[in-house]
Protein chains: 2
Amino acid sequence: MLTIGTLAKRTGTKVQTIRYYEQIGLMPEPGRTEGGQRRYGNAELDRLAFIRHSRQLGFPLDAIRELLDLSDAPDRPCHEADEIARRQLKLVEQRMERLKALRAELKRMVKECSGGNAAQCRVLEVLRDHSECLTEHDQIGI
Amino acid sequence: MLTIGTLAKRTGTKVQTIRYYEQIGLMPEPGRTEGGQRRYGNAELDRLAFIRHSRQLGFPLDAIRELLDLSDAPDRPCHEADEIARRQLKLVEQRMERLKALRAELKRMVKECSGGNAAQCRVLEVLRDHSECLTEHDQIGI
DNA sequence: TTACATCCTCTAGCTACTGTAGGTTCAAGT
DNA sequence: ACTTGAACCTACAGTAGCTAGAGGATGTAA
């Protein structure tokens, strides 16, 4: 049986995060000692590892919830999981494109900084005037 | 004089966002009509455009605050602005690297999906076991 | 004058956690 | 058996950067 602290260490999670996952129903309510402390088994360890790994791949908690449901029902066809992964892949690719444009713009800003004072600063100038942009970057969420 | 709605339209901002910027001190308190409605001039339009453009380039509000301070003091040397931009560029480059690794992993997951049912699904399997990863991806914030 | 779009304040909610306060329990050492 | 100290407990507040809604006031054109 594992304490919450041990579980946290094994999965690279903070203790509070585990309690948070329990609160939102992503982790089950575990057994308790007489004194009221949580104790976990291997099933919970696996489940948390799954959650953490999915998070590292950028899946939002909602998607992870769906994936866990699928994982709990081995008979269901897997194209749903595939679709969730494809959706995530698409998102990642969109983010990459956006970051590429931003990087180009930032590189240009930094390169053109004259090193004088703020009045002539190209960095500030570029920020002041969107029309100077070489690239399009129209949504804000990165 | 511009109403808040016009200002919002001109800068591609939501009305609530402008009020939020005022609340956190990023935008100044504007003049009001007798009835209490906000009215803006061109200085505010420029300032908001600056803020929005900086946000689109991924600068956090704190950095934008610093940039606005610099922008308000044309005599200060510009290396501070340059440094903020460089910091942002570095962040963007880190994010790109991370996304590249994630994309590789997701592509592999999707490619190997057998199309059977959840029990044999590679997507779920890869998520279950981090050791199957081909790439390292250890922080969560994307 | 009337209609109605737009404005106002205030509050709560979103994601995914993280931190803190104040108190309890567990396990190891003596 | 007793003490000590790390780890646990709950509950609440805070983070970034907005966004949405309620319920009511104002501005403007016909």
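You'll find the structure just up there.
Conventions used here
Residues numbered from 1 in each chain as written. Chains lettered and ligands numbered in written order. Predicted model: local features only at pLDDT ≥ 70, side-chain atom pairs only at ≥ 80, totals over all residues. Heavy atoms only, no water. Near = heavy atom within 4 Å. Polar contact = N/O pair within 3.5 Å; in protein donor to acceptor, adjacent residues only side chain to side chain. Helix = DSSP H or I, 4+ residues; strand = E, 2+ residues; numbered from the N terminus. Nonpolar A, V, L, I, M, F, W, Y, C, P; charged D, E, K, R; others polar. Least-squares fit on C-alpha atoms with pLDDT ≥ 70 in both. Contact = heavy atoms within 4.5 Å.

K.L.:
Please explain the protein's contact with DNA strand C as it appears in this structure.
P.N.:
Neighbouring DNA strand C are 21 residues; T33 and R55 of chain A together with G5, R19 and R38 of chain B lie closest to it. Protein-adjacent atoms of DNA strand C, using a 4 Å cutoff, are sugar or phosphate at a proportion of 82%. A distance of 2.8 Å is found between a phosphate oxygen of DNA strand C and a side-chain nitrogen or oxygen belonging to T33 of chain A. Contact between DNA strand C and L61 of chain A: a phosphate oxygen at 3.4 Å from a main-chain N or O atom of the residue. Secondary structure elements with two or more residues in the surface near DNA strand C: α2 (15-23) and α3 (42-56) of chain A together with α1 (4-11) of chain B. If one sorts the elements of the surface near DNA strand C by residue count, α2 of chain A sits on top with four residues. Per-class residue counts for the surface near DNA strand C are five nonpolar, nine polar and seven charged.

K.L.:
I tried to follow the relation of the copies chain B and chain A on my own but got confused; where do I start?
P.N.:
In this structure, two copies of a chain are linked by a rotation about an axis accompanied by a shift along it. Mapping chain B onto chain A leaves a residual RMSD of 0.1 Å; the transformation is a rotation of 180° accompanied by 0.0 Å of translation along its axis. Expressed as an axis order, the relation between the two copies is that of a two-fold axis. Relative to the rotation axis, the closest C-alpha in chain B is found at M96 of chain B, a distance of 3.2 Å. Looking at the interface residues of chain B, 100% of them are also at the interface in chain A, so both copies use one shared face.

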